[in-house]
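Coordinate inspection notes
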Amino acid sequence: MTETASRRFFDVPPVWLVVALLIAWLQVHHFPMGLSFGPVWADLLGGLLVGGGVVLVVLAVTEMRRHQTTLHPHQDSARLVQSGIFKRSRNPIYLADVMILAGFILYWDAVLALIMVPVFLWMLERRFVIPEENRLRRTFRMDFARYCEKVRRWV
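This is a predicted model, so every value here is computed, not measured.

Before going further, it helps to examine the side chain of T70. Position of T70 relative to the elements: it lies in the loop between α3 (40-66) and α4 (92-108). Polar contacts involving the side chain of T70 include one to the main-chain amide nitrogen of H72, which spans 3.0 Å. A distance of 2.8 Å separates the side chain of T70 from the side chain of Q75, its partner in a polar contact. Residues within four places of T70 in sequence aside, it is in contact with M64, Q75, D76 and S77.

Quick look at the structure:
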């Protein structure tokens, strides 16, 4: 594997999610600053977000596999998936990543790490969503334009 291919192999959203989760975990374990979201509601909401994120990933991966297209964000898609969860969001896996990060931050009581949620969302959009959508726009032209009119980028 070449250096560029290797870099692209590791430059994927799950790796960035793990890095963000590690930062949040380090914050709560080494710099808690006595801050807390509160007793039970943060654990409950955090669990719901993580669980909902996992469900979104499973639904999206299942749909993409059914249509026999790639999951890798740096590769060209063989098909424009518009069914299943993709009727509700153009980027359900990225949305799930954000939900999982937010959920763990709430569950861990990583108050200071909460700023990472919008930063992570911004990074996903700039690094993956926009380039992916540009490739889809070039490949599927009018089909993608119609899809964008019907379905929002996030929710």
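A separate point is the packing of aromatic side chains. Scanning the entire structure with this criterion turns up four aromatic pairs. An angle of 75° between the planes, with centres 6.4 Å apart, marks the rings of F37 and W41 as edge-to-face. On the basis of relative accessible area, F37 is assigned to the buried category, the value being 16%. For W41, a relative accessible area of 44% corresponds to the partly exposed category. Between F104 and W108, the ring centres sit 5.0 Å apart and the planes meet at 40°, which makes this aromatic pair tilted. Here F104 pairs with W108, and both are found in helix α4, just four residues apart, close to one helical turn.

What counts, and at which threshold
- Residues numbered from 1 in each chain as written.
- Predicted model: local features only at pLDDT ≥ 70, side-chain atom pairs only at ≥ 80, totals over all residues.
- Heavy atoms only, no water.
- Helix = DSSP H or I, 4+ residues; strand = E, 2+ residues; numbered from the N terminus.
- Polar contact = N/O pair within 3.5 Å; in protein donor to acceptor, adjacent residues only side chain to side chain.
- Contact = heavy atoms within 4.5 Å.
- Phe/Tyr/Trp six-rings, centres within 6.5 Å; stacked < 30°, edge-to-face > 60°.
- Buried < 20%, exposed > 50% of the residue type's maximum accessible area, 1.4 Å probe, protein only.

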